Amino acid sequence: MLYAIIATDHPNSLPARREARPAHLARLEALQAEGRLVLAGPHPAVAAMDPGEMGFTGSLVVAAFEDLDAARAWAEADPYVGAGVYRDLTVKPFIQVLPR
């Protein structure tokens, strides 16, 4: 089953996000190598590919997990959680309709 992991950043967490980014990306790349990652990326604070010092307001990951508990455990172990980047995490089932 696919799950959407929707994270909201703490205000002013850009320095922590930058520091934890390599470890965060490594986990996403592992999901991708396993064929489980559908998409992942941040929500910029402004409508720009590079929001600069405005930073980000959160992230979205859609990936396959065995069940909701496994998806939650994976999300809660994210380096952004440990670094204090994420304020809130929502994990819920997701059905991909398009693209097929």
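Criteria and cut-off values
- Residue positions are counted from 1 within each chain, in the order its sequence is given.
- Residues qualify for local features only when their pLDDT is at least 70, as the model is predicted, and side-chain atom pairs are given and counted only at 80 or more; totals for whole chains, interfaces and linings, by contrast, use all residues.
- Remark: hydrogens and water are excluded; side-chain values derive from all non-hydrogen atoms of the structure.
- Both site types are read off a 1 Å grid over the protein atoms alone. A 1.4 Å probe that fits but cannot get out defines a cavity, while an open set with protein on both sides within 12 Å along at least five of seven lines defines a pocket; lining residues have an atom within 4 Å of a point.
- Grid points are joined across faces, edges and corners, and a volume is the space filled by probe spheres set on the points.
- Helical segments are the DSSP runs of H or I of at least four residues, strand segments are the runs of E of at least two, and each set is numbered from the N terminus.
- Basically, the charged four are Asp, Glu, Lys and Arg, the nonpolar ten are Ala, Val, Leu, Ile, Met, Phe, Trp, Tyr, Cys and Pro, and anything else, Gly included, counts as polar.
- In these notes, a set of buried Ala, Val, Leu, Ile, Met, Phe, Trp, Tyr and Cys residues joined through side-chain atoms within 4.5 Å is what counts as a nonpolar core.
- Each residue's exposure class comes from its accessible area (1.4 Å probe, protein chains only) as a fraction of the maximum for that residue type: buried when under 20%, exposed when over 50%, partly exposed otherwise.
- In this description, contact between two residues means that some pair of their heavy atoms is separated by no more than 4.5 Å.

### Section: the layout of surface pockets
Inference 1: Computed from the structure, the largest pocket encloses a volume of approximately 300 Å³.
Inference 2: Contributing elements (two or more residues each) for the lining of the largest pocket: helix H1 (14-33), strand S2 (37-44) and strand S3 (56-64).
Inference 3: Examining the composition of the lining of the largest pocket, we find that 7 residues originate from one element, H1, more than from any other.
Inference 4: Residue composition of the lining of the largest pocket, grouped by class: 13 nonpolar, 3 polar and 3 charged.

### Description of the nonpolar core
Inference 1: Formed by Tyr 3, Ile 5, Leu 28, Leu 31, Val 61, Ala 63, Phe 65, Ala 71, Trp 74, Ala 75 and Val 91, the largest nonpolar core amounts to 11 residues.
Inference 2: Counting only elements with at least two residues in this core, the list comes to strand S1 (2-9), H1, S3 and helix H2 (68-76).
Inference 3: Per-element accounting of this core gives the leading share, 3 residues, to H2.
Inference 4: In this structure Tyr 3 touches Val 61, Val 62, Ala 63, Phe 65, Asp 67, Leu 68, Ala 71, Val 91, Lys 92, Pro 93 and Phe 94, once residues within four positions along its chain are discounted.
Inference 5: Counting 5 residues, the second largest nonpolar core, distinct from the first, contains Ala 7, Ala 20, Tyr 80 and Tyr 86.

### A few points about empty space enclosed by the protein
Inference 1: All told, the structure shown has 1 cavity of 30 Å³ or more when counted by the stated rule.
Inference 2: Its boundaries defined by the atoms lining it, the largest cavity holds a volume of some 50 Å³.
Inference 3: Contributing to the lining of the largest cavity are Ile 5, Ala 7, His 24, Ser 59, Val 61, Trp 74, Ala 75, Asp 78, Tyr 86 and Leu 89.
Inference 4: Looking at the lining of the largest cavity, the elements that each hand over two or more residues are S1, S3, H2 and strand S4 (86-94).
Inference 5: Taken together, the residues of the lining of the largest cavity break down into 7 nonpolar, 2 polar and 1 charged.

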